[in-house]
Amino acid sequence: LWGNIAKNKVIVLVDCGASHNFIYAIVVKQQQIPITHTKQYIVEVGDGRNIRCEGVSKNVKLQIQGMKIQQDLFAFEMTRMDVVLGMECWHLLVR
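What counts and how
Residues numbered from 1 in each chain as written. Predicted model: local features only at pLDDT ≥ 70, side-chain atom pairs only at ≥ 80, totals over all residues. Heavy atoms only, no water. Helix = DSSP H or I, 4+ residues; strand = E, 2+ residues; numbered from the N terminus. Polar contact = N/O pair within 3.5 Å; in protein donor to acceptor, adjacent residues only side chain to side chain. Contact = heavy atoms within 4.5 Å. Phe/Tyr/Trp six-rings, centres within 6.5 Å; stacked < 30°, edge-to-face > 60°. Buried < 20%, exposed > 50% of the residue type's maximum accessible area, 1.4 Å probe, protein only. Lys NZ or Arg CZ within 6 Å of the ring centre and 35° of its normal.

Structural notes on the side chain of S57
Within the secondary structure, S57 is located in strand 6 (residues 56-64). Of note is the side chain of S57, whose polar atom sits 3.1 Å from the backbone oxygen of P34. When residues no more than four places from it in sequence are discounted, the contact partners of S57 are V28, I33, P34, I35, Q71, D72 and L73.

Digging into the packing of aromatic side chains
Taken as a whole, this structure holds 3 aromatic pairs when the rule is applied. Ring centres of F22 and F76 lie 5.4 Å apart, and the angle between their planes is 50°; this geometry places the pair in the tilted category. Placement of F22 in strand 3 (residues 22-24) and of F76 in strand 7 (residues 67-76) is noted, with a sequence separation of 54 residues between them. Accessibility expressed as a relative area gives 9% for F76, which makes it buried. Arranged with centres 5.4 Å apart and planes meeting at 80°, the rings of Y41 and F74 form a pair that is edge-to-face. Of this pair, Y41 sits in strand 4 (residues 41-44) while F74 sits in strand 7, placing them 33 residues apart in sequence. In this structure an aromatic cluster arises from ring pairing among F22, Y41, F74 and F76. The ring centre of W2 lies 5.1 Å from the NZ or CZ of K9, which sits over that ring.

Here it is as C-alpha cells:
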C-alpha cells in the first residue's frame, strides 16, 4: 500500500505475522523522525535470520488511503518496504 508520513510517500506492508510495527531506519533519518533509543532487540525475519536493532519512533502519524493512524514504529533495516504494520495495528485496519 502507499501511505504518507507528513507529506512524504512511503510503501506500507500490512503483515499479520509481524508482532510489532516497524519503520525502515533510512526513512527515519531521511525524514528526520525523532527516535528514542532502546535496548538492543532482535527481530526474526521470514527466512529465520535474527537481526539486531535498536530504537523506536513514538507516535508516528501515518496516513493510508485516507485513514489516519498514529503508532510507535520500531527502527529496522529492511528492503522494499518503508513501514510494516503488524498485529499491534491490526485492530485499527480491520473494521
